[in-house]
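Architecture at a glance
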Amino acid sequence: MTYSVKEAFYTLQGEGAHTGRAAVFLRFAGCNLWSGLERDREKAVCRFCDTDFVGTNGEGGGKFREPGLLAAHIESIWQANASPGGRPYVVCTGGEPLMQLDEPLIGALHEAGFEIAIETNGTLPAPASIDWICVSPKANAPLAQKSGNELKLVYPQTEPEAQPECFETLDFEHFFLQPRDDGPSVSHVAAVANYCLKNPKWRLSLQTHKLTGLP
Ligand SMILES: C[S@@+](CC[C@H](N)C(=O)[O-])C[C@H]1O[C@@H](n2cnc3c(N)ncnc32)[C@H](O)[C@@H]1O
Ligand SMILES: Nc1nc2[nH]cc(C(=O)O)c2c(=O)[nH]1
Ligand code: SF4
Ligand SMILES: [Mg+2]
């Protein structure tokens, strides 16, 4: 299949259990919970998204007709930035990466030596061959992927079915609450901190790339 990639760039993972780890971010175009167009945001299932995933015009973006071509592109970004030694790491995100990430591409990335992580909304099942699965459930979006390495819930979400208690018995190693970014005039950090202080099963995940200025 042809893969549509919004952007691909080298940075540090900003969120969750692997915060601070160098990675190539592979951002696929398109999502099943929002068109990505501002005029559709109000009627979308997921309305707080902080990401532009429309089109293939970002840095390192494009259309890739074969899995091997995309894997070679990701490998070239790693090699251009990282000195030899550490295990190459790719974080597949989007948009919703499970609309495109398939076994042939997972195989090609593994063949190139990458450890593969995914950031997904959990509405589509994730192939078990992915090395690190981060699920971020959304209200009004039925969860298909109920296990993985980390569950990272954006907080607050008002809907009863998107409260932390709804997810804490699922099969994940780590449970994170991430303050919802609503722009510079509001902060939900204190609300998340208070929840984690009361409920030690949950940990605070800050979007540290927004603090460091990394992409
Ligand atoms: C842009 S999404 C892409 C991957 C996938 N579609 C998902 O929702 O998990 C990447 C991560 O950013 C989180 N996120 C999106 N908008 C956010 C916001 N306004 N504040 C905090 N986290 C946000 C998502 O919940 C997810 O964990
Ligand atoms: N540095 C950095 N870390 C991230 N972790 C998850 C991200 C995402 O948009 O999926 C993201 C991102 O966009 N940048
Ligand atoms: S599911 Fe993920 S990519 Fe899609 S709109 Fe929501 S946060 Fe953005
Ligand atoms: Mg992001």
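Residues numbered from 1 in each chain as written. Chains lettered and ligands numbered in written order. Predicted model: local features only at pLDDT ≥ 70, side-chain atom pairs only at ≥ 80, totals over all residues. Heavy atoms only, no water.

**Side note on a nonpolar patch on the surface**
On the surface, Val189, Leu204, Leu206 and Leu211 cluster together into a nonpolar patch covering about 320 Å² of accessible area. Within the secondary structure, Val189 sits in helix 3 (residues 189-198). Residue class for Val189 comes out partly exposed when judged on its relative accessible area of 34%. (Patch = residues over 30% accessible without salt bridge, like charges linked within 9 Å, V, L, I, M, F, W, Y side chains within 5 Å. Areas by Shrake-Rupley, 256 points an atom, 1.4 Å probe, with all protein chains shown as cover. Salt bridge = Lys/Arg side-chain N within 4 Å of Asp/Glu carboxyl O. Helix = DSSP H or I, 4+ residues; strand = E, 2+ residues; numbered from the N terminus. Buried < 20%, exposed > 50% of the residue type's maximum accessible area, 1.4 Å probe, protein only.)

**Let's talk about the pairing of strand 7 (residues 147-155)**
With eight of nine residues buried, strand 7 lies mostly within the body of the structure. Two elements, strand 6 (residues 132-135) and strand 7, share two bridges in a ladder whose sense is parallel. The partner of Val135 across the bridge, within strand 7, is Leu151. Relative to strand 8 (residues 171-179), strand 7 runs parallel, the two sharing eight bridges. In the sheet register, Ser147 faces strand 8, and the bridge partner there is Asp171. (Pairing = 2+ DSSP bridges.)

**Notes on unusual backbone geometry**
With an omega of 10 degrees, the peptide bond running from Gly94 to Gly95 counts as cis. Relative to the assigned elements, Gly95 resides in the loop between strand 4 (89-93) and helix 2 (103-111). Pro156 follows Tyr155 through a cis peptide bond whose omega is 0 degrees. Mapped onto the elements of the fold, Pro156 is located in the loop between strand 7 and strand 8. Unusually for a residue other than glycine, Asn140 sits at a positive phi of about 65 degrees. In this fold, Asn140 is placed in the loop between strand 6 and strand 7.

**Here's the deal with the site of ligand 2**
Taken together, the residues surrounding ligand 2 are Thr11, Leu12, Gln13, Gly14, Glu15, Phe25, Arg27, Thr93, Glu119, His209 and Pro215. Starting from 320 Å² of accessible surface for ligand 2 in isolation, the protein chains cover 91%. Among the secondary structure elements, those contributing two or more residues to the shell around ligand 2 are strand 1 (3-12) and strand 2 (22-28). (Near = heavy atom within 4 Å.)

**Comments concerning the site of ligand 3**
If you check the shell around ligand 3, you find Cys31, Leu33, Trp34, Cys46, Cys49, Phe53, Gly95, Asn121 and Lys138 and nothing else. In a pocket analysis with a 2 Å cut-off to the grid points, ligand 3 is assigned to the largest pocket. Partitioning the shell around ligand 3 into residue classes produces six nonpolar, two polar and one charged. (1 Å grid on protein atoms, 1.4 Å probe; cavity = no way out; pocket = protein on both sides within 12 Å on 5 of 7 lines; lining within 4 Å. Sits in = over half its atoms within 2 Å of the grid points. Nonpolar A, V, L, I, M, F, W, Y, C, P; charged D, E, K, R; others polar.)

**Concerning the UniProt feature "binding site: [4Fe-4S] cluster" (unreviewed entry) in the protein chain**
Under the present numbering, the feature "binding site: [4Fe-4S] cluster" (unreviewed entry) in UniProt falls on Cys31, Cys46 and Cys49. A maximum C-alpha distance of 10.6 Å is found for the annotated residues, which run over 19 residues; spatially they form one tight group. Among the annotated residues just listed, those that line the largest pocket are Cys31, Cys46 and Cys49. Secondary-structure assignment places Cys31 in the loop between strand 2 and strand 3 (62-64). You can call Cys31 partly exposed: its relative accessible area is 22%. With respect to the helices, strands and loops of the structure, Cys46 is situated in the loop between strand 2 and strand 3. Here Cys46 is in contact with Leu33, Trp34 and Lys138, once residues within four sequence places are set aside. (UniProt positions renumbered as here; feature names shortened; annotations may be inferred. Contact = heavy atoms within 4.5 Å.)

**Quick word on the pattern of salt bridges**
A full pass over the atoms with the stated rule returns ten salt bridges. Among the salt bridges present, the one from Lys6 reaches Asp52, with a minimum N-O distance of 3.4 Å. With Lys6 in strand 1 and Asp52 in the loop between strand 2 and strand 3, the pair connects residues that are 46 residues apart, well separated along the chain. Residue classification places Asp52 among the partly exposed positions, given a relative accessible area of 47%. Overlapping salt bridges bring together Glu15, Glu119 and Lys152 as one network.

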